[in-house]
Amino acid sequence: MRNIDFIKQPWLKLERFILHLCYLAIRQNIKSKAYPKHVAKILIIRRNRLGDSINVLPIIEAIKKNYPSIKISVLANQYNAEIFNYSTYIDQVYCINEKWGLGRITLYLNPVIRKLRRENFDLVIGLGGFASMLSQISFCIKGKYSVGPKSFEGNFNDLLFDFTVKKIQGKNNLHIDEMANIVKGARLKLPKKLPFPKLNVTITKKKNWLAICPDVNRKESRYSIENYKEIIEYVISNQITTKVLLFLGSPNSPYMALTQYGAEFQATNNLKEFIKKIAECRIALTAAGGSSHIASSLGISVVVISGIKNQSFWRPYGKNIKVFENDKNINLIYPADIGKALKSLTT
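For clarity, every value in this text was computed on a predicted model and none was experimentally measured. (Residues numbered from 1 in each chain as written. Predicted model: local features only at pLDDT ≥ 70, side-chain atom pairs only at ≥ 80, totals over all residues. Heavy atoms only, no water.)

Caption draft 1: View of the sheet that holds strand β10 (residues 281–287). Strand order across the open sheet formed by six strands is β9-β8-β7-β10-β11-β12, with parallel pairing between neighbours. Edge strands, defined here as strands with exactly one partner in the open sheet, are β9 (264–265) and β12 (321–325). Note that strand β11 (residues 301–306) and β12 share five bridges and pair parallel. Bridging from a neighbouring strand, Val302 pairs with Ile321 of β12. (Pairing = 2+ DSSP bridges. Helix = DSSP H or I, 4+ residues; strand = E, 2+ residues; numbered from the N terminus.)

In structure tokens:
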């Protein structure tokens, strides 16, 4: 550690402590806004991550079934908005470009924010872990009452919500439980067991195909080409499926090499095409990430390979899911074990 760090760290802690005291003082003197007497219009904000967006769908379904007269709108961004177009329980999907103008500086003037402000929502609910942008978007929309996640130590951005919800404690929780807890904090009733996520895609009949989705941003979850090769050869030799389809983020992916070993590259130009084509498959092998959640929500049996911890929290919420996790080295997961898992999900 450099000498300057010995000086810098104590001052940073002192600065945070002072800011936290200021935050508590301001919070103590803010008068709580009254909860609306009647809730007719709700806006749910879920502005990133495909898997997390998939997990919002059962929550929206449960809200609509418990409160059929409530109009539910969703605010997403350009990355995840497509997911919400597959739900029959959402009345309107809005898509925001957060980089419009000068980004955060001109957020209040963003044309989508201005449009949402005119809607005069009774309830605005920010879903996901704490994020300053989430609270700022909610504040700029100016709903009658807003609820969102509470930061870990108390943050000035917490003041931008009318009510903040602490992260739930304890084990055996999924990410969907964390978001459901925020909705409950917004005084909306949800069932103890939520329905599984479902993307409404019309498929006449699923084919006995295996979809492989190896691309992932986190390098810890990148399983080796050699290991995938071994799995493909196992699947083909044991006639587990009649075809192995390879879905990649780009034709330039190094995993394109898997086409040499029996996998057939399936080109897709966007998320909508990916959902349509993978929906035909019966089983999927995916790296930990959005593709595993999408596959599960399409009724596909899924084997997930992960090199990060806490997959018990991040795993897809659905039926017929098997997760292989090794946070020390993902390539220590035996391909033969994955092959057997794929076989068991087809019998």
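Resuming the write-up.
Caption draft 2: The arrangement of the side chain of Arg47 in detail. Position of Arg47 relative to the elements: it lies in the loop between β1 (41–45) and α2 (50–66). Judged by relative accessible area, Arg47 falls into the buried class, the value being 13%. Side chain to side chain, Arg47 and Glu98 meet in a polar contact 2.7 Å long. Ignoring anything within four residues of it in the chain, the contact list for Arg47 reads Leu75, Ala76, Asn77, Asn80, Glu98, Ala131, Met133, Leu134 and Ile137. (Buried < 20%, exposed > 50% of the residue type's maximum accessible area, 1.4 Å probe, protein only. Polar contact = N/O pair within 3.5 Å; in protein donor to acceptor, adjacent residues only side chain to side chain. Contact = heavy atoms within 4.5 Å.)

Caption draft 3: Region of the structure containing the packing of aromatic side chains. As enumerated under the stated definition, the model contains six aromatic pairs in all. Between Tyr223 and Tyr228, the aromatic rings sit 5.3 Å apart at their centres with planes inclined by 85°, giving edge-to-face as the arrangement. Across the pair, Tyr228 and Tyr223 agree in class, each one buried. Between the aromatic rings of Tyr228 and Tyr255, the centroid separation amounts to 5.5 Å while the plane-to-plane angle is 85°, which identifies the pairing as edge-to-face. Of the two residues, Tyr228 sits in helix α7 (residues 225–237) while Tyr255 sits in the loop between β8 (243–246) and β9, which places them 27 residues apart along the sequence. (Phe/Tyr/Trp six-rings, centres within 6.5 Å; stacked < 30°, edge-to-face > 60°.)

Caption draft 4: Quick peek at helix α5 (residues 132–141). Most of α5 sits inside the fold, with eight of its ten residues counted as buried. Listed as buried for α5 are Met133, Leu134, Ser135, Gln136, Ile137, Ser138, Cys140 and Ile141. In this structure, the buried residues of α5 make contact with β1, β2 (71–77), α4 (111–119), β4 (123–126) and β5 (146–149). Count one or two residues on from α5 and you reach Lys142, which has phi positive near 65°.

Caption draft 5: Region of the structure containing the pattern of salt bridges. One pass over the structure, following the stated rule, counts 13 salt bridges. Of the charged contacts in the structure, one is a salt bridge between Lys229 and Glu226, with a shortest N-O distance of 4.0 Å. With a gap of three residues between them, Lys229 and Glu226 both fall in helix α7, about one helical turn apart. Three or more residues are tied together by salt bridges with common partners; here these are Arg46, Arg49 and Asp52. (Salt bridge = Lys/Arg side-chain N within 4 Å of Asp/Glu carboxyl O.)

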